[in-house]
Amino acid sequence: MAFPHRLDAPELPDFSMLKRLARDQLIYLLEQLPGKKDLFIEADLMSPLDRIANVSILKQHEVDKLYKVENKPVLSSNEQLCFLVRPRIKNMRYIASLVNADKVAGRTRKYKVIFSPQKFYACEMVLEEEGIYGDVSCDEWAFSLLPLDVDLLSMELPEFFRDYFLEGDQRWINTVAQALHLLSTLYGPFPNCYGIGRCAKMAYELWRKLEEEEDGETKGRRPEIGHIFLLDRDVDFVTALCSQVVYEGLVDDTFRIKCGSVDFGPEVTSSDKSLKVLLNAEDKVFHEIRNEHFSNVFGFLSQKARNLQAQYDRRRGMDIKQMKNFVSQELKGLKQEHRLLSLHIGACESIMKKKTKQDFQELIKTEHALLEGFNIRESTSYIEEHIDRQVSPIESLRLMCLLSITENGEPKRLQMRMSYGPEHLLTFSNLRRAGLLTEQGPGDTLTAVESKVSKLVTDKAAGKITDAFSSLAKRSNFRAISKKLNLIPRVDGEYDLKVPRDMAYVFSGAYVPLSCRIIEQVLERRSWQGLDEVVRLLNCGDFAFTDMTKEDKASSESLRLILVVFLGGCTFSEISALRFLGREKGYRFIFLTTAVTNSARLMEAMSEVKA
Amino acid sequence: MDCYTANWNPLGDSAFYRKYELYSMDWDLKEELRDCLVAAAPYGGPIALLRNPWRKEKAASVRPVLDIYSASGMPLASLLWKSGPVVSLGWSAEEELLCVQEDGAVLVYGLHGDFRRHFSMGNEVLQNRVLDARVFHTEFGSGVAILTGAHRFTLSANVGDLKLRRMPEVPGLQSAPSCWTVLCQDRVAHILLAVGPDLYLLDHAACSAVTLPGLAPGVSSFLQMAVSFTYRHLALFTDTGYIWMGTASLKEKLCEFNCNIRAAPKQMVWCSRPRSKERAVVVAWERRLMVVGDASESIQFVLDEDSYLVPELDGVRIFSRSTHEFLHEVPAASEEIFKIASMAPGALLLEAQKEYEKESQKADEYLREIQELGQLTQAVQQCIEAAGHEHQPDMQKSLLRAASFGKCFLDRFPPDSFVHMCQDLRVLNAVRDYHIGIPLTYSQYKQLTIQVLLDRLVLRRLYPLAIQICEYLRLPEVQGVSRILAHWACYKVQQKDVSDEDVARAINQKLGDTPGVSYSDIAARAYGCGRTELAIKLLEYEPRSGEQVPLLLKMKRSKLALSKAIESGDTDLVFTVLLHLKNELNRGDFFMTLRNQPMALSLYRQFCKHQELETLKDLYNQDDNHQELGSFHIRASYAAEERIEGRVAALQTAADAFYKAKNEFAAKATEDQMRLLRLQRRLEDELGGQFLDLSLHDTVTTLILGGHNKRAEQLARDFRIPDKRLWWLKLTALADLEDWEELEKFSKSKKSPIGYLPFVEICIKQHNKYEAKKYASRVGPEQKVKALLLVGDVAQAADVAIEHRNEAELSLVLSHCTGATDGATADKIQRARAQAQKK
């Protein structure tokens, strides 16, 4: 099981360099404020920071106490305060209140604000408006790429999704371009570039501009990574909306993997303590099951347990010398494996318990029906019941969106049923704006939209027209795309999830993730040629691009390394699917995402909550 | 060779001095030099003359004239002096002419007579007048020191970063000092002044009297003093015709000389070079020039004309109306080679090469001689070095030829020094040309660096030569050619007689996409000259939008700036422009501009959401965006408003907006919310407890949990909660309460719209199998098996499944059969299956 890589699979570049770079830069910044200082860290930055520099490193550089940035009075008595924050206006106000309180108390301290990954002019302006711009010194910690795993880089910017796809705020695109620029300076230029989506195109163009400005640095370097593929999340919302059934995805859906690690509660650890576990390729047990369909995982784990037992059993009948060897060399490894095994078994149990309770099978069945486009009435009434039972508003929203995208609109009565409070009206409006939800009004056929547009064309306001077009663009053509790209595999007999045939295994053989299929098709053709219709259906007519350099310096090894950039987040299911594709075709995929996401995070990002 | 050393004059035993002509001056001076104020910049710099400076009392028609010439006497600029009387002229290190006026104002002119700026040496000077002034050079830049009519000194060590320092008073000073100079030690400028027989040293804190070690007696006054180029040495000329030479620290005497001339010299300057053997001072009188050093004899020259001395790093330049000469100590390498009867390796090599050219076998003899001593490497080096110090290209060539000849007999002689010397000499010969007129020596050139030399060429607008030098030396484009082209372009935009189009085209043709050229800098210059249109045209060539924006803003082309900023994709830049626009335009226009730029609009909205909510509302209002307005008020209803009335009012506004947006659904929902809020308020008043902010669903649930069934039903009717939903709600609530009696009553109230399986499920969830069984029997046939399995009645489930003849149900039951207890049931199912298959 646990698919081994093909022997000819290319080696992955060493991404730990990114960590070292980030650490060195942070230390440099901390040393800019010599002497003892208290460090205030924004909650969102804590986990990423932990992966870069632990407390003892911070202490080495004279960080005295650590505080979380939260709306509480500060008790720090240190003379120097350092803030490590994301460039958000609310943080600026927090810092301003703190500094101004000190001023009132007649206290002078040194303040330093370190923005990660970059500072924004708006932030500086707020500092100025609050009258403390002169009191603080500002710096940037250009830490934008966190290697979560050997093949997964995350920018840890979950807000990218809402900021760009909902609010139309493009400020993070520059950050993405900078990150790509960093990668190309470290790992050589990318000979082949593909992309789809408006944001992908903008990021790509900005990145190119950066490269041109700093000409010469990457010139003459041998490319280490042969292809780069940029993809906007809104090209494929469907995949992200589905319940995940590969192990890693399921763990994420159930326990929430945060920055590459997960908190297993007492019900998993079978003790009274919670345990924070790092989930990556170094966890041998996890590495073997992460990409597996959940139905296989239990069998695999029990097999593994038996093997382990057998290895333990070997010590019977050992002589003293062998025993010594065993204890000194193998026992530790076995114990470690034992520990991990029991953790993952615990996690599986816990998942099973939760999933059966919520009638997981029914849910999956409904999702598959929606994807395949049959029994729509039944699915709709299932969703209706789901809403009526008020199990989980987020889940209900997710199903509604899935229905809306696959069926090109959802009956409005579903929304009416929600009525969780006034803020949900805003949530609906958000979902509509992002193109996750469209209503299936009686008059809202295509002709109606067309007349709406033609009416607007006479209107002089250019902005409105783009608005209208973007709302038009958000019409989903999922059914047609699905047919064109053959996303629903033909079922002849049982789909053997133990021996997957195609990427559909990540959704129990019912659906090939759209995003992954697009990537597969483009890589096969080395261009968008022949995919014109699909691109048109995706409403990305102007935003699909290919760019190849003629230089023939790329080795065949590097040409099988592909960096996939997900703008707006990717799910573990997509990662698993592409890892599978890599094994089939002898590629290796590297993932760069603005954040790892899943359906719940997607919905939460769109929700308005009472503060 | 004899004739070559003809102009060598020995001073003492160790050193020779030579004087040779640099240029014959072609400047057609009408006045004598003594009638002018003269300033010549070091490093072969330009010469400034202010004619008729003292005839201020005369009519305006004979205003003084300021002329600027190159070192070769080529006129660079000429202008009528219209300001006040000038006391002193001096050149700064950037080759700017500083003209110190009597009123303390210092006017700064460029090389081409263009006025740059002016500054003042302090207010007190206004009354007291400036008596004397000096421009001096330190490692930070150029400084100015003045002596006022009140006999006080003020100095600024760097005119680029003007900080005036008023020096302390000299006690008892009644008249102006007989002579004074600026000393620079340890990065601080001091002033040394002589009053009668006394010397005083002024630093910024105090005035101290100093004495010269080893000064001959009988001195009653000092007439002249001179500091060396590097501020290391000092020389004083006394009224007894005695010259004291020592270190500038005044701690050590180097030597002394008595020239027996009591007349005050016109000028006295040091003539030495870095690492020179001898330190000598050149003293000039009206018709006599004397070089004195640590020797009993001095070298004397007769001056035919009125001359002016310019101290240099490695010698002295002497110019008069007709000639421009250079006097320096003969460098060691040259001396070795050219000294009469020299047997130095270099001399032999030069000889060998000459013989070789004559095809004489003597060449071999000489060469052997050098090789036998193992000095060939040294010989080559000597020749190369000496070539550097020669002024005449012919002599340079023959020395280099000798070096090149010697090199042939050496293994692995590193070629760098030879190659570089050839390159350097080519550059030097080019700039020494009469038309260029920068008579740099090799040592000066090395001290100045090629970058500064290029700057000076650019300053003289000698762009083609500068570019050729860059190309010849293969300097990186960014430092070399591009930089010069950019300077050229900046000059070009100042040509007002050429049309904007032509200038822009000319610049673009020359510059193209040369790396390192910033079109925005050139555009800024154009704008500085008042050519806005040209600036905009030039900006079009600028590839980096980030660079275009600030200038566009400065030129008040904000809207263009906005589109450029958006093009750049840099949101910070967009934001900068937005704020600029916000201040510049009135609100309406600002909003209109935003409306046409969706990207900027979303950016600004994001900002407003966090920082300026009211502006956000205005933005939506302006756009008639009723949908967003509605959303805005909804948000306000729970985020901003505290009082219930305020919240309802906000919701009402929202509902109105939604109606306007034709979003009936949202409007209705909002109105429902208003009703709910009011109702919740009433419930709180009447029943107590917490109802506000609960959703409709939760409100009903809370009512049921509180036992207010009637009210709950009323509410459900009022708000038309769908039947199914109400049933789910009640079911969950009653089960939570474990009110089994009420639940049963409820189940019987009418036929359940959601079936009875949920009843079974919820009872099981509450671990009440007994109650669950009650409902299991009522579950409809299609879900019966499930229900029975839930209550654990496997046997009956099997029966039902068999009855249904449903394969899926059969397997489901089978999967629930565990171990021995259900063995019989399992068999039964298997039998039924077999039967079914038979059929």
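A quick note: this is a predicted structure, and the numbers were derived from the prediction, not measured. (Residues numbered from 1 in each chain as written. Chains lettered and ligands numbered in written order. Predicted model: local features only at pLDDT ≥ 70, side-chain atom pairs only at ≥ 80, totals over all residues. Heavy atoms only, no water.)

Novice: Please set out the sheet that holds strand β2 (residues 15–24) of chain B residue by residue, giving values where relevant.
Specialist: Residues and elements named next belong to chain B. Here we have five strands laid out as an open sheet, ordered β1-β2-β29-β28-β27, and antiparallel in their pairing. Each edge of the open sheet is held by one strand with a lone partner, namely β1 (8–11) and β27 (307–312). In this sheet, adjacent strand axes meet at a mean angle of 25 degrees when their direction is disregarded. (Pairing = 2+ DSSP bridges. Helix = DSSP H or I, 4+ residues; strand = E, 2+ residues; numbered from the N terminus. Axes fitted to C-alpha atoms, helices over the stretch in contact; angles between N-to-C directions.)

Novice: Provide a residue-level description of the interface of chain B and chain A, including the pertinent values.
Specialist: Taken together, the contact pairs 46 residues of chain B with 48 residues of chain A. Between chain B and chain A, the buried area comes to about 4,000 Å², and carbon and sulfur atoms account for 54% of it. Seen at the junction of chain B and chain A, the total is three salt bridges. The residue Arg433 of chain A makes a salt bridge to Glu628 of chain B at a minimum N-O spacing of 3.2 Å. Put simply, chain B and chain A have 11 residue pairs in polar contact (both at pLDDT 80 or more) between them. Looking at the side of chain B that touches chain A, the elements that each hand over two or more residues are α16 (558–568), α17 (571–584), α19 (598–611), α21 (626–639), α23 (664–687), α24 (696–705) and α26 (723–737) of chain B. No other element matches the nine residues that α19 of chain B contributes to the side of chain B that touches chain A. Across the side of chain B that touches chain A, the residue classes break down as 15 nonpolar, 17 polar and 14 charged. (Contact = heavy atoms within 4.5 Å. Buried area = accessible area lost by both parts, 1.4 Å probe. Salt bridge = Lys/Arg side-chain N within 4 Å of Asp/Glu carboxyl O. Polar contact = N/O pair within 3.5 Å; in protein donor to acceptor, adjacent residues only side chain to side chain. Nonpolar A, V, L, I, M, F, W, Y, C, P; charged D, E, K, R; others polar.)

Novice: Could you give an account of the sheet that holds strand β12 (residues 141–148) of chain B, naming the residues involved and the relevant values?
Specialist: The antiparallel open sheet is built from four strands, whose spatial order is β11-β12-β13-β14 (chain B). Every interior strand has two partners, whereas the edge strands, β11 (130–138) and β14 (165–166) of chain B, have only one.

Novice: Tell me about the packing of aromatic side chains, and please be specific about residues and values.
Specialist: What the rule picks out here adds up to 47 aromatic pairs over all chains. Each ring, one from Phe589 of chain A and one from Phe591 of chain A, has its centre 6.4 Å from the other, and the planes form 20 degrees; the classification is stacked. For the pair formed by Phe589 of chain A and Phe591 of chain A, the shared burial category is buried. Ring-pair connections join several aromatic residues into one group, and the members of that group are Tyr121 of chain A together with Phe575, Phe590, Phe591, Tyr604 and Phe607 of chain B. For the cation-ring pair, Lys19 of chain B lies above Phe301 of chain B, with the distance from its terminal atom to the ring centre recorded as 4.6 Å. Here Arg134 of chain B stacks its cationic end above the ring of Trp180 of chain B, 4.4 Å away from the centre of that ring. (Phe/Tyr/Trp six-rings, centres within 6.5 Å; stacked < 30°, edge-to-face > 60°. Buried < 20%, exposed > 50% of the residue type's maximum accessible area, 1.4 Å probe, protein only. Lys NZ or Arg CZ within 6 Å of the ring centre and 35° of its normal.)

Novice: Account for the domain arrangement of chain A, with residues named and values stated.
Specialist: Accessible area lost on assembly of the parts is the figure often given for the size of an interface. Residue and element names in this part refer to chain A. Looking at chain A, the domain boundaries give domain 1 (15–143), domain 2 (147–236 + 514–606) and domain 3 (247–356). Here domain 1 and domain 2 have C-alpha centroids that lie 31 Å from each other. Three residues, Phe15, Leu18 and Phe120, lead the burial of domain 1 against domain 2; their summed loss comes to 42% of the area buried on that side. If you look at where domain 1 meets domain 2, you find one salt bridge. Close ionic contact of Arg88 with Glu159 constitutes a salt bridge, the shortest N to O distance being 2.7 Å. Listed by contribution, the elements that provide at least two residues to the side of domain 1 that touches domain 2 are α1 (16–31) and α2 (43–52). Sort the elements by how many residues they give to the side of domain 1 that touches domain 2 and α1 lands first, with four residues. (Domains from an automatic or database assignment.)

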